[in-house]
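Each chain is listed here by its residues.
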Amino acid sequence: MDKDLRKIHHLEDTPLIRWNKNEPNEFLQQFVTKLKSLNMILSTNTYVKGTNKVLTRIIEDAQNQTMILLIGMTGAGKTSLVNALLKRTVLSTKLAKATAINTIIRYGQTEEVKAYFLDGQVASFDLDKVELFTTSDTFSAEILRENLDYIEVYVNNELLKKVTFIDTTPLEPSGDESVYVKESILNRADDLYWIFNCNSKPTQGELKLLGKFHERNVKPLAIINAIDIHEAAYEQFIAEQNKLLSPYFRKIMGISVRNAEVAVATGDDDKWNQSKFELLLEEIENSHANQSDRVYLIMERFIKWLKRFQTEMELIPQREPYITAYNLLIQYQIGKQKASERTEIENQKLITYEKEYHKASVVFKDVQTLYQLLQVISNNKHFKTYDVMVFVEYSNDYLKAVREYRTMLQSYKNESNRNDGKQRHSTGKGLLKTMFVNEQQSIKQSKSNEPSEVLQATLEQQYKKVLALEMQLFNEYPAVLKNLNDIAHDQIERIINRVSLISTERMKKKQQLINAIRQLNGFNNILEAKDFVETFVEQLIDQKDLVVTKKEKLSLSETLVKIKSIKLSHETLIASTHIDEQDDEISKMQKRLYEKYHLLPLRLTIDDMKSEIEKPPIYSGISD
C-alpha cells in the first residue's frame, strides 16, 4: 500500500561509492539478471501477485532511462517545463488546469499513451488523447481517472533516450498543511527536480516534505521558474529564500519556461539563451551520468521489497488458500483410522447392493401365472403403488370368483352324478314296473330335482361374474404391465444410485484432497523463490563493496535470518498423504453390474393369466 513520506523512517547517509566509470552499469546488469530470475519464479503464483508486481517495476526501472521526478505546487510550471524540454506541446496546458494524474514521459518510437488502472489492466490510446487523462474536466474523464494509477506517455524524442520524466500531480496541502507524494512514484525516481515560481513563496507543506527528504539525505535540484517576469525576479527570490532553501537542495537555478516556449516557437536564439535551458540540460545530463546513485536507489528499493517478501512469507500459513488446504490434509491424516472403518462399512454395503441389484434384475424371471405375479408384488414393497394395488384387488376378486365357480361346478357335477345313479337304478327294474309307478312316487321325484335347478342357475350366474371380472382385469393389465416394468427398472437404478452415492462421496473427498494438494503445490515456487533469495542475499552481503549503508546492511542480514526461519511444511504433509483409489473400483463395479445383470422384464400375457374353466353344463332336467 502506498504511504506518504510522513511515515518514512530515518535512514543513514548514502554510502560513499568508489567505482570506475563502467562498474555501476556492470553491477546493475548483473543485479537485474538475478532479479529477473526471481521474478520468473514468482510469476506463476497469484498469491504474491502484488509483491511480484513491485519487483517487476524495480526491474523495469533499473533497465530504463534515468527517471527524473518533477515536484511542485499548482502553477509552478512542471507540465510547461516538460513541453519546453521536448520542444513540442505533448502535455496539455491549454485548459489552465493542474495535471490530474501522475504522468511518466518516456521514449518510444510509437507515440501513444498507456493507462495503468488500479485493477492491473493496461490500455493503449493515441497520443492526442493524453488531455483526457491529465487535464480534461469532463464527467467521463473524471470517472476514468478514478480508476487510474498512472499513465505513461511515449514520445519519439532524443532527450528521452537518456532520461524519463515523471510529471507528478501538484503538491496539495492536507489538513495539517503537510503535502505528500505517492511512495510508489517517489520510489521509481533516480533524481528529483523541485519546481518553484518566482511569484510564490515555498509553502509550509513543501518545507515539511523537504525536511523528510533531508532526513533521508535526498537533495533535489531546485528550479526557480518565471525569471522572465522582470530582471530582478530571480535575484529577489534567492535573496528572500536562499537561506531557507539551500540546506535542502544540492543546487538552486533559475529558468524561464516562457522564454523557452517562445524560442521553440520562433527559433529565437536570444530567447533560448535567456531561458537558461542549456544549464538545465546540463543538469539533466549529470543526472543521467550519475549511475552510482542510481544503483544505490535500486538497492534501496530491493531492500524494501525484501521486507515485503518476508512479510508475505510469514503470512502464508495464516491466510487462504494455504490454511484451509493445509488443515484439510491434517484432518485427513488424523482421521485415517475412522476413514478406514467407514470404507469397510461402505464395502459391505456395496456387496449387499450387488446382491440386491441381481435380485431386482430377475424379479420377473419365474413369473408364468397371475398368482406368481401377485406373489412377486406382495414380496416387493416397491411395486405397491396405487395403480398396482388396484390391479391386485381386481386380480384377487377374479381368482376368488374362479375358485368359487369351480367349487360350485364340482357340487353341480356331484349332484348330477347322484341323479344319474338313481335314474339308472330305476331303469334296471324294468320298463313295465316303471310304467305303473303310482302318482305318489312321481310327485316325490319332481321334488328331488328342485336343488339341481337352483344350483344350475347359481352356476351360470357365477360364470358370468368370472367373465366380467376377467374382462375388467385384462383391460387394466397393459397399463399395469408397463408400470411394473418401469418400477422394476427404477428399482435397479435406485440401487445403482446408492452405489453412485458412495462413489460420489469418495470422489468428493478425493477431489478435495487433490485440490488441497494442488493449492499447496502452488506455493512450491514461493519456496523456490525463498531458496533463491537466501542464496542471492547471502552473496550480496558477502560482497566487499556492497552499495548500502551499514544500517541497511544490518537490516538486510536481519531480514535474511527471518526469511530463513520461515518454514512451510506442506511438502512433507503432501508426501505422507496417500489418496485412496477405491472410487475407481466402484466405477468398475458399476460397469460390471450393467454388463453382468440385465433386467428381465415381465412378459406375462393375458392368455398366461387366464384361468381355464369349463362352461356351465346345459340343464335338461330328469326324464320321466
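Look up a bit, the structure's there.
So, a few notes on the structure that sits alongside this text. (Residues numbered from 1 in each chain as written. Predicted model: local features only at pLDDT ≥ 70, side-chain atom pairs only at ≥ 80, totals over all residues. Heavy atoms only, no water.)

Turning to the pattern of salt bridges, a few remarks are in order. By the definition in use, this model includes 17 salt bridges. The residue aspartate 128 makes a salt bridge to lysine 129 at a minimum N-O spacing of 3.4 Å. The class of lysine 129 is partly exposed, set by a relative accessible area of 37%. Here the residues in one salt-bridge network are Asp61, Arg188 and Arg301, joined through shared partners. (Salt bridge = Lys/Arg side-chain N within 4 Å of Asp/Glu carboxyl O. Buried < 20%, exposed > 50% of the residue type's maximum accessible area, 1.4 Å probe, protein only.)

Here we take up empty space enclosed by the protein. According to the stated counting rule, one finds one cavity of 30 Å³ or more in the structure shown. Taken as a whole, the largest cavity spans an internal volume of roughly 30 Å³. Arg57, Asp149, Tyr150, Lys182, Ser184, Ile185 and Arg188 together form the lining of the largest cavity. Sorting the residues of the lining of the largest cavity by element identifies strand 5 (148-155) and helix 6 (183-186) as the ones contributing at least two each. Split into classes, the residues belonging to the lining of the largest cavity amount to two nonpolar, one polar and four charged. (1 Å grid on protein atoms, 1.4 Å probe; cavity = no way out; pocket = protein on both sides within 12 Å on 5 of 7 lines; lining within 4 Å. Points joined across faces, edges and corners; volume = space filled by probe spheres on them. Helix = DSSP H or I, 4+ residues; strand = E, 2+ residues; numbered from the N terminus. Nonpolar A, V, L, I, M, F, W, Y, C, P; charged D, E, K, R; others polar.)

At their nearest, the axes of helix 2 (residues 49-63) and helix 12 (residues 291-315) sit 10 Å apart, and the two run at 170° to each other. Between helix 2 and helix 12, the angle is such that the two are roughly antiparallel. In contact with Gly50, Thr51, Val54, Leu55, Arg57, Ile58, Asp61 and Ala62 of helix 2, helix 12 contributes Arg294, Ile298, Arg301, Phe302, Trp305, Arg308, Phe309 and Glu312. Here the contact of helix 2 with helix 12 is built from residues that sort into eight nonpolar, two polar and six charged. (Axes fitted to C-alpha atoms, helices over the stretch in contact; angles between N-to-C directions. Parallel < 35°, antiparallel > 145°, perpendicular 65-115°, else oblique. Contact = heavy atoms within 4.5 Å.)

Attention now moves to the pairing of strand 6 (residues 163-167). Burial analysis of strand 6 places five of its five residues in the buried class, the great majority of the element. The side-chain alternation of strand 6 yields two buried faces, one formed by Val163, Phe165 and Asp167 and the other by Thr164 and Ile166. With five bridges joining them, strand 1 (residues 66-72) and strand 6 adopt parallel strand pairing. Directly across from methionine 67, in strand 6, lies its bridge partner threonine 164. (Pairing = 2+ DSSP bridges.)

This part takes up the sheet that holds strand 4 (residues 122-126). With mixed pairing, nine strands are arranged side by side in an open sheet as 4-3-5-2-6-1-7-8-9. Two strands close off the open sheet at either side, each with one partner strand: strand 4 and strand 9 (251-254). Each strand axis lies, on average, 25° off the axis of its neighbour in the sheet, ignoring direction. Where strand 2 (residues 103-107) meets strand 5, five bridges bridge the pair, whose relative direction is parallel. Note that in strand 5 the partner of tyrosine 107 across the bridge is valine 155.

Let's shift gears to the packing of aromatic side chains. Within the structure shown, the criterion is met by 22 aromatic pairs. Arranged with centres 6.0 Å apart and planes meeting at 15°, the rings of phenylalanine 302 and tryptophan 305 form a pair that is stacked. Of the two residues, phenylalanine 302 and tryptophan 305 both sit in helix 12, three residues apart, roughly one turn of that helix. Assessed through its relative accessible area of 0%, phenylalanine 302 is described here as buried. The class for tryptophan 305 is buried, based on a relative accessible area of 1%. Where phenylalanine 391 meets tyrosine 477, the ring centres are 5.8 Å apart and the plane angle is 35°; that geometry is what we call tilted. Of this pair, phenylalanine 391 sits in helix 16 (residues 386-428) while tyrosine 477 sits in helix 19 (residues 450-521), and the two are 86 residues apart along the sequence. The buried category is assigned to tyrosine 477, whose relative accessible area is 3%. (Phe/Tyr/Trp six-rings, centres within 6.5 Å; stacked < 30°, edge-to-face > 60°.)

Purely spatial values, then, with no claim about function.
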